[in-house]
Amino acid sequence: MASATLTAQAVADLVGGRLLGDGSVRIHRIRPLDRAGPDALSFATSSRYAADLGSSQAGAVLVPEDLAAGPSGPRTRIVVADPYGALVRVIRELFPARIPKPGVDPTARVGTGAVLGADVSIGAYVVIGDHVRVGARARLAEHVSLGEGVLVGEDAVLGPGVVCYSGTQIGNRAVLKAGAMIGGDGFGYLSSAKGHSRIPHVGKCILEDDVEVGSNTCIDRGSIDDTVIGRGTKLDNLVQVGHNVRIGERCLIMAGVGIAGSTHIGNDAILAGHVGVTDHLTIGDRARIAAKSAIFGDVPPGASFSGHPARPHRQFLRAQATMYRLAPIVDELEALVAASGPA
């Protein structure tokens, strides 16, 4: 990715920081403290990184107030309240996103009655079904497939190979990364002695505004209700969301999470990597679920759960600590039994 060039003074102006040292230092890279050279900007978030800062060769560094002065390390420092947040602003300026030119690639196929908004970008071999509506400035990368009647909001970005089945609605500014599969039938069957017959799925799959979906993540459409991903929620790669699931606003769902059908998750919840959630549960607002936890019951609002099966986090840690304390006692008991000889 091509980068721009900024002076240290320009960086300070951009992030509203206080410049110490040479403002003419030219920056066109971002590097960690231990691998930064004189043309790179780095950052330190706290005194924990003071040693790395002292040995860094960075041209300039973003630091909090308590690292403004130091006997060694880069002399050009930009003092800010939030170095990491400031770094993100600089990255966006140094590495602006490449916006494809508006237009429809000649290899794309557009169905009958489809409506494309102003300044859309439709890539190679995209297939747009009948009566699809694509909002203004939306970007569809190569090999995207939109089923009949799909709605895509304004400024949405669909990466290579994204598939949206009929019944899908994608909100404004949504981002779907490569290979995401949205709105397919869920895993629902009626079982009998003759085998398993598929339950028809007639609900929608709705992604509200500002939702992001990672690569190879699958979100099923509803069976009789809708599957809904709330505004501003972010899903990582390789997440599975079952039919009729409702996820609230601003949630973070991390890699490998599986959420079974008809579970409801409140606003601002966080599910860490490889959490498994069984069906028809309720996870409350602001709940926190630790990595690899297995959720078999409802989680109250604001609670932190962990373990397999998951339980309140402090309870889980206490149980683990008790197990570790029991281990040497078991060793002592076994030694006593061995010393006592046969009964």
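In short, a report on the structure. Please read all numbers here as calculations on a predicted model, not as lab measurements.

Rules used in this analysis
Residues numbered from 1 in each chain as written. Predicted model: local features only at pLDDT ≥ 70, side-chain atom pairs only at ≥ 80, totals over all residues. Heavy atoms only, no water. 1 Å grid on protein atoms, 1.4 Å probe; cavity = no way out; pocket = protein on both sides within 12 Å on 5 of 7 lines; lining within 4 Å. Points joined across faces, edges and corners; volume = space filled by probe spheres on them. Helix = DSSP H or I, 4+ residues; strand = E, 2+ residues; numbered from the N terminus. Nonpolar A, V, L, I, M, F, W, Y, C, P; charged D, E, K, R; others polar. Buried < 20%, exposed > 50% of the residue type's maximum accessible area, 1.4 Å probe, protein only. Pairing = 2+ DSSP bridges. Right-handed = clockwise from strand over helix to strand, strands pointing away. Core = buried A, V, L, I, M, F, W, Y, C linked by side-chain atoms within 4.5 Å. Contact = heavy atoms within 4.5 Å.

A short note on the layout of surface pockets
Inference 1: As a volume, the largest pocket reaches approximately 230 Å³.
Inference 2: Residue lining of the largest pocket: 13 residues in total, with Arg-98, Pro-100, Arg-139, Leu-140 and Ala-141 positioned closest to the centre.
Inference 3: Breaking the lining of the largest pocket down by element, the ones donating at least two residues are strand 11 (121–122), strand 14 (139–140) and strand 17 (157–158).
Inference 4: Here the residues of the lining of the largest pocket are counted per class, giving seven nonpolar, three polar and three charged.
Inference 5: If you add up the space inside the second largest pocket, you get close to 160 Å³.

A short note on the pairing of strand 6 (residues 60–63)
Inference 1: Here strand 6 shows a buried face lined by Ala-60 and Leu-62 and a second buried face lined by Val-61 and Val-63.
Inference 2: Pairing geometry for strand 5 (residues 40–43) and strand 6, over three bridges, is parallel. Considered in strand 6, the bridge of Phe-43 is made with Leu-62.
Inference 3: Assessed by its sense of winding, the connection that carries the chain from strand 5 through helix 2 (residues 50–55) to strand 6 is right-handed.
Inference 4: When strand 6 meets strand 7 (residues 77–79), the two strands line up parallel, connected through three bridges. Across the sheet, Leu-62 pairs through a bridge with Ile-78, a residue of strand 7.

Considerations on unusual backbone geometry
Inference 1: A positive phi angle, near 65°, is found at Arg-173, a position not held by glycine.
Inference 2: Since its relative accessible area comes to 40%, Arg-173 is described here as partly exposed.
Inference 3: Of note in this structure, Lys-292 is not a glycine but carries a positive phi near 65°.
Inference 4: When you line up the elements, Lys-292 lands in the loop between strand 37 (288–289) and strand 38 (294–295).

Considering the nonpolar core
Inference 1: The biggest cluster of nonpolar side chains holds 51 residues, and the ones touching the most others in it are Leu-140, Leu-146, Leu-158, Leu-176, Ile-182, Leu-207 and Leu-271.
Inference 2: Apart from residues no more than four positions distant in its own chain, Leu-176 is found in contact with Val-157, Leu-158, Gly-159, Val-162, Cys-164, Ile-170, Ile-182, Leu-207 and Val-213.
Inference 3: Counting residues in each nonpolar core, the second largest holds 17 residues, with Val-25, Leu-41, Leu-62 and Ile-78 among its members.

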